[in-house]
Amino acid sequence: MSRVGRQIINIPDNVKVGFADKVVKVDGPLGSLSQLIDSRHIDLKFEGKTLTVVRTSEDKATKSKHGLYRVLINNMVEGVQKPYTKTLVVNGVGYKTAVAGNKLTMNIGFSHPVEILAPEGIKITCVTPTEIKVEGISKEMVGAVAAKIRATKPVEPYHLYGIRYSTEQLTKKEGKTAGK
């Protein structure tokens, strides 16, 4: 049995979880999220303020989805209480960022500024001109938007110029040495 899928999900008092027509809906103080569940393989059991994800059979496809759906539902329950955040750092000579409304504008060494629109439910802020904070209740969307921003200018290994996550550890390559 899946160690992740076996764990129970505790539902706080200010969060409501419902399951109908193959869709799990989670409502909380920050908003609501929904996730389509493959009900041929997975079932949900509510017991008071706890939720357990249960497999309907022991075949390989069901086992592979057991832990996945448990984690997706748990992320939704956590996200509607406290938003997920990712912080990106912009490093380079003359590189800077700014936010106007829901549009992130980055001057990152190209001949033109790069603009990225934040999708609905995602909030992008610039803490400093070289630090971007992506925030939202959906862990998937926060990760996808942060990855899209990071992919516009990957970090180069010699000077470490580019966009990286704040938690990312990078190693700087040594440049060529002059001949003797």
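Look up a bit, the structure's there.
All values reported here derive from a predicted model rather than from experimental measurement.

A short note on the pairing of strand β5 (residues 42-47)
Across six bridges, β5 lies against strand β6 (residues 50-55) in antiparallel orientation. Paired with leucine 44 across the bridge in β6 is valine 53. What sits between β5 and β6 in their antiparallel hairpin is a turn of two residues, with glycine 48 showing a positive phi close to 70°.

Quick notes on the pattern of salt bridges
Under the criterion given, the structure shown has six salt bridges. With its nearest N and O atoms 3.0 Å apart, the salt bridge here joins aspartate 38 to lysine 65. Placement of aspartate 38 in the loop between β4 (31-36) and β5 and of lysine 65 in helix α2 (residues 60-79) is noted, with a sequence separation of 27 residues between them. Residue class for aspartate 38 comes out buried when judged on its relative accessible area of 16%. By relative accessible area, which is 23% here, lysine 65 ends up partly exposed. One network of salt bridges, in which partners are shared, links Asp38, Arg40 and Lys65.

Quick notes on the rules
Sequence order sets the numbering: in each chain, residues are counted from 1 along the sequence as written. Only residues with pLDDT of at least 70 get local features here, since the model is predicted, and only at 80 or more are side-chain atom pairs given and counted; chain-wide, interface and lining totals rely on the full set of residues. Think of the side-chain values as coming from all heavy atoms in the structure, minus any hydrogens and water. Any two strands with at least two DSSP bridges between them are considered paired. Put simply, DSSP H or I for four residues or longer makes a helix, DSSP E for two residues or longer makes a strand, and each gets a number counted from the N terminus. Put simply, a salt bridge is a Lys or Arg side-chain nitrogen that is within 4 Å of an Asp or Glu carboxyl oxygen. Partly exposed describes any residue whose relative accessible area lies between the buried limit of under 20% and the exposed limit of over 50%, with all areas from a 1.4 Å probe on protein chains only and scaled to the type maximum.

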